[in-house]
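Listed below are the residues making up each chain.
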Amino acid sequence: MTDKLIPLREQIDAIDAQILDLLNQRAAVAQKVGHIKAETNAPVFRPEREAQVLRGVAERNPGPMGNTELQTIWREIMSACRSLEKRVTIAFLGPAGTYSEQAVYQQFGTAVDVLPCASIDEVFRATEAGTAEFGVVPVENSTEGAIGRTLDLLLHTPLTISGEVSIAVRHSLLTGTGNMDGITAICAHAQALAQCQIWLNNNYPEIERRAVSSNAEAARMARDDHGIAAIAGERAGVRYSLGTVKANIQDDPHNRTRFAVIGHLQPGPSGEDRTSLALAAPHKAGSIYRLLGSLAQHNVSMTRFESRPARTGTWEYYFYVDVEGHIENEAVAKALDELQGNAAFFKVLGSYPVSLT
Ligand SMILES: O=C(O)C(=O)C[C@]1(C(=O)O)C=C[C@@H](O)C=C1
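As the structure is a computational prediction, the values presented were derived from the model and not from experiment.

What follows concerns the site of the ligand. Around the ligand, the structure places R26, V33, K37, V44, F45, R46, R49, E50, M78, C81, R82 and E85. Measuring from an oxygen atom of the ligand, one finds a side-chain N or O atom of K37 at 2.7 Å. Between E85 and the ligand, the recorded distance is 2.6 Å, taken from a side-chain N or O atom to an oxygen atom. Protein coverage of the free-state accessible area of the ligand, which is 360 Å², stands at 89%.

The next thing to look at is a nonpolar patch on the surface. A surface patch of nonpolar side chains, amounting to about 240 Å² of accessible area, comprises I15, I19 and L23. Take I15: it is sitting in helix α1 (residues 5-40). With relative accessibility at 45%, the residue I15 sits in the partly exposed group.

The subject of this paragraph is the UniProt feature "domain: Prephenate dehydratase" (unreviewed entry) in the protein chain. UniProt tags residues 89-264 as "domain: Prephenate dehydratase" (unreviewed entry). Secondary structure content for residues 89-264 is 33% helix and 33% strand, while the C-alpha to C-alpha distance between its ends is 13 Å.

Right, let's get into the packing of helix α5 (residues 120-129) against helix α6 (residues 148-156). The interhelical angle for the contact between α5 and α6, taken along N-to-C directions, is 30°, at an axis separation of 9 Å. Comparing the axis directions of α5 and α6 gives the class roughly parallel. α6 is crossed by α5, and the crossing has right-handed handedness. Residues I120, D121 and F124 of α5 pack against R149, T150, L153 and L154 of α6. Grouping the amino acids of the contact of α5 with α6 by side-chain chemistry returns four nonpolar, one polar and two charged.

Residues of helix α11 (residues 287-297) that are buried include every one of S287, L291, S294 and L295, and no others. All buried residues of α11 project into a common sector of 100° when viewed along the axis, lining one side. More than 90 degrees from the buried face of α11, the exposed residues found are Y289, A296 and Q297. Residues of α11 that are buried sit in contact with β12 (273-280), β13 (302-309), β14 (317-324) and α12 (330-342). Within two residues after α11, N299 carries a phi angle of roughly 60°, on the positive side.

Cut-off values and rules
Residues numbered from 1 in each chain as written. Predicted model: local features only at pLDDT ≥ 70, side-chain atom pairs only at ≥ 80, totals over all residues. Heavy atoms only, no water. Near = heavy atom within 4 Å. Polar contact = N/O pair within 3.5 Å; in protein donor to acceptor, adjacent residues only side chain to side chain. Areas by Shrake-Rupley, 256 points an atom, 1.4 Å probe, with all protein chains shown as cover. Patch = residues over 30% accessible without salt bridge, like charges linked within 9 Å, V, L, I, M, F, W, Y side chains within 5 Å. Salt bridge = Lys/Arg side-chain N within 4 Å of Asp/Glu carboxyl O. Helix = DSSP H or I, 4+ residues; strand = E, 2+ residues; numbered from the N terminus. Buried < 20%, exposed > 50% of the residue type's maximum accessible area, 1.4 Å probe, protein only. UniProt positions renumbered as here; feature names shortened; annotations may be inferred. Axes fitted to C-alpha atoms, helices over the stretch in contact; angles between N-to-C directions. Parallel < 35°, antiparallel > 145°, perpendicular 65-115°, else oblique. Left-handed = near helix turned anticlockwise from the far one by under 90°. Contact = heavy atoms within 4.5 Å. Nonpolar A, V, L, I, M, F, W, Y, C, P; charged D, E, K, R; others polar. Arc of directions from axis to C-beta.

Here you go:
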């Protein structure tokens, strides 16, 4: 080692000592917050506050560190501080190694307990029953569209959406050996197979494609059977000790999945929020026009409009609408009040901070 490094490392050691001291000072304050919350029975996880802290970090950042990297560090700092107040349990669509698990850690940091569930229904059940404080469920994918089961369950659950997480979906072709010798089937969740079909048609048109319950399950199968290749995220590859034949094989390089955090909590305004609604229009000419007109009149921007059959066999539809702003914002409250008066069905699914990515 050159002598020139020695003084620089001494500087780093001194800075680390300060960081350590400051982190523990922060943790001690969080513990005091935790005691007050325990006395008043207030919720430990406050997504609106965490969103403000993370946005503040990016706003104040003079560099050279990037905002994304700093926000990842702060997410972990808050996760660790929160776990000193109380450790929360998060249900998600398992098994471990799925994008849903990644969404859990992206929202809550890693100082949480996780509860992998076998289905989206089970995530709702575990959260409704209080086995988990929160659940994380996929809502939509940018190439494949809405996750119907989540939308159906949101209609009648007592839970509300308290956050959203957007994850870049990157699929890799993975095998036990890191090459395709002797591979007779490529396994993945049906959505992942669909998201990679052009690449698969161009590269391995002759190999059978088999849909399984999740990409992580495919990765587990590939570990146990060297005749099977899996399409999954690198995270699953690491978890199941697989080699990468080819990374980034998704047809759409901008492929993203949006997840909802569901729970009994209704967050307050964070300054940059979204409100999700479910609506049904009465059987009258122009009824959808009138419903959406309330939003336009009060200058409330709509960021999503999705329809889904009501499954009554009568060509009725539920509409899933996202608008900018929190339900406590005056314009949003007025628009929704008016809209509710014109709707055959109306439910606020939740008001929550807009995700950072
Ligand atoms: O401000 C609070 O309410 C805290 O509990 C502190 C803190 C933090 O570490 O900054 C931790 C958990 C909450 O979700 C929000 C923020």
